[in-house]
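Observations on chain architecture
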Amino acid sequence: MASESKIKMSQERYDALVEELNYLETVREKEVSELIKEARSFGDLSENSEYDEAKTEQGKLYSKIAEMKVLIEKAEIIEKAEIAEDVVALSSHVKLLDLDENEEVDYHIVGSQEANPMQGRISDESPIGRAILGRRVGETVTVEAPAGNVQMKILAVENG
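Keep in mind that what you see is a predicted model, and the values were worked out from it rather than measured.

Bringing the environment of Gln11 into the picture now. Note that Gln11 resides in helix 1 (residues 11-40). You can call Gln11 partly exposed: its relative accessible area is 33%. In this structure the C-alpha to C-alpha distance between Gln11 and Ile77, which are 66 residues apart in sequence, comes to 5.8 Å.

On the surface, Glu12, Asp15, Glu19 and Glu20 cluster together to form a negatively charged patch. In this fold, Glu19 is placed in helix 1.

Before going further, it helps to examine the nonpolar core. In terms of nonpolar packing, the biggest core is built from 18 residues, with Leu96, Ile109, Ile128, Ile132 and Met152 touching the most fellow members. Counting residues per element, the ones that place at least two in this core are strand 3 (93-98), strand 4 (103-110), helix 3 (127-132), strand 6 (140-145) and strand 7 (148-158). The greatest single-element share of this core, amounting to four residues, is contributed by strand 7. Ignoring sequence-local partners within four residues, the contact set of Met152 consists of Leu96, Leu97, Asp98, Val105, Ile128, Glu139, Thr140, Val141 and Val143. Within the second largest apolar cluster, 16 residues are counted, among which are Val32, Ala54, Ile65 and Ala75.

A separate point is the UniProt feature "domain: Transcription elongation factor GreA/GreB N-terminal" (unreviewed entry) in the chain. In this structure's numbering, the residues bearing the UniProt feature "domain: Transcription elongation factor GreA/GreB N-terminal" (unreviewed entry) are residues 8-77. Across residues 8-77, helical content stands at 79% and strand content at 7%; the span's end C-alpha atoms are separated by 6 Å.

On to unusual backbone geometry. For Ser91, which is not glycine, the phi torsion reads 85° and is therefore positive. Looking at where Ser91 falls in the secondary structure, it is placed in the loop between strand 2 (75-77) and strand 3. Despite not being glycine, Asn102 has its phi angle at roughly 50°, a positive value. Among the structural elements, Asn102 can be located in the loop between strand 3 and strand 4. Residue Asn102 is classed as exposed on the basis of its relative accessible area of 62%.

Turning to the pattern of salt bridges, a few remarks are in order. The tally for this structure, following the rule as stated, stands at eight salt bridges. Lys69 serves as the salt-bridge partner of Glu25, at 3.1 Å between the closest nitrogen and oxygen. Placement of Glu25 in helix 1 and of Lys69 in helix 2 (residues 49-73) is noted, with a sequence separation of 44 residues between them. Taking relative accessible area as the criterion, Glu25 reaches 31% and is therefore assigned partly exposed. For Lys69, a relative accessible area of 42% puts it in the partly exposed group. Residue Arg121 is joined to Glu114 by a salt bridge in which the shortest nitrogen-to-oxygen separation is 3.4 Å. Here Glu114 falls in the buried class, since its relative accessible area comes to 13%. Through salt bridges that share partners, Arg28, Glu31 and Glu57 make up one connected network.

Now for helix 2. Helix length check: helix 2 (25 residues) gives 36 Å between terminal C-alpha atoms against 36 Å at 1.5 Å per residue, within 8%. All of the buried residues along helix 2 are Tyr51, Ala54, Gln58, Leu61, Ile65, Met68, Leu71 and Ile72. Structurally, helix 2 contributes buried residues whose contacts are with strand 1 (7-9), helix 1 and strand 2.

Parameters and conventions
- Residues numbered from 1 in each chain as written.
- Predicted model: local features only at pLDDT ≥ 70, side-chain atom pairs only at ≥ 80, totals over all residues.
- Heavy atoms only, no water.
- Helix = DSSP H or I, 4+ residues; strand = E, 2+ residues; numbered from the N terminus.
- Buried < 20%, exposed > 50% of the residue type's maximum accessible area, 1.4 Å probe, protein only.
- Patch = residues over 30% accessible without salt bridge, like charges linked within 9 Å, V, L, I, M, F, W, Y side chains within 5 Å.
- Areas by Shrake-Rupley, 256 points an atom, 1.4 Å probe, with all protein chains shown as cover.
- Salt bridge = Lys/Arg side-chain N within 4 Å of Asp/Glu carboxyl O.
- Lys, Arg positive; Asp, Glu negative; His and termini not counted.
- Charge placed at Lys NZ, Arg CZ, Asp CG, Glu CD.
- Core = buried A, V, L, I, M, F, W, Y, C linked by side-chain atoms within 4.5 Å.
- Contact = heavy atoms within 4.5 Å.
- UniProt positions renumbered as here; feature names shortened; annotations may be inferred.
- Expected span 1.5 Å × (residues − 1).

Structure follows, in structure tokens:
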């Protein structure tokens, strides 16, 4: 098979995934197993809604565990030490000036698994993320957005 795509993430995100996976495989799996055992004790499984719900919960749990294992397996940890001081990279905090609106915006550049635009966390794969990645303070970039091109100037970059 060709090289599988890696999922870029911070060490913090990776550690949180490993911790959650451990919880799901130990504590939560036992809880769901107990629910199934308890539901079986109610008798006829063909008309046992508690049993059906417990089995559905077990299916969701196993699906979540499988998904998390793939994320962990494909994780590519981005080290902060590898980043130059004034260059936009994954995990950078960036202050931009939207030249069209004359408005300043702040973003934290993260991997797609950590993105949350409402909290100012944008993916390195987003239009803005792609446009500013690898650029330096003072540079002006053109962001190809769905609503049209936008000019942005990089005012400040904080790595670390």
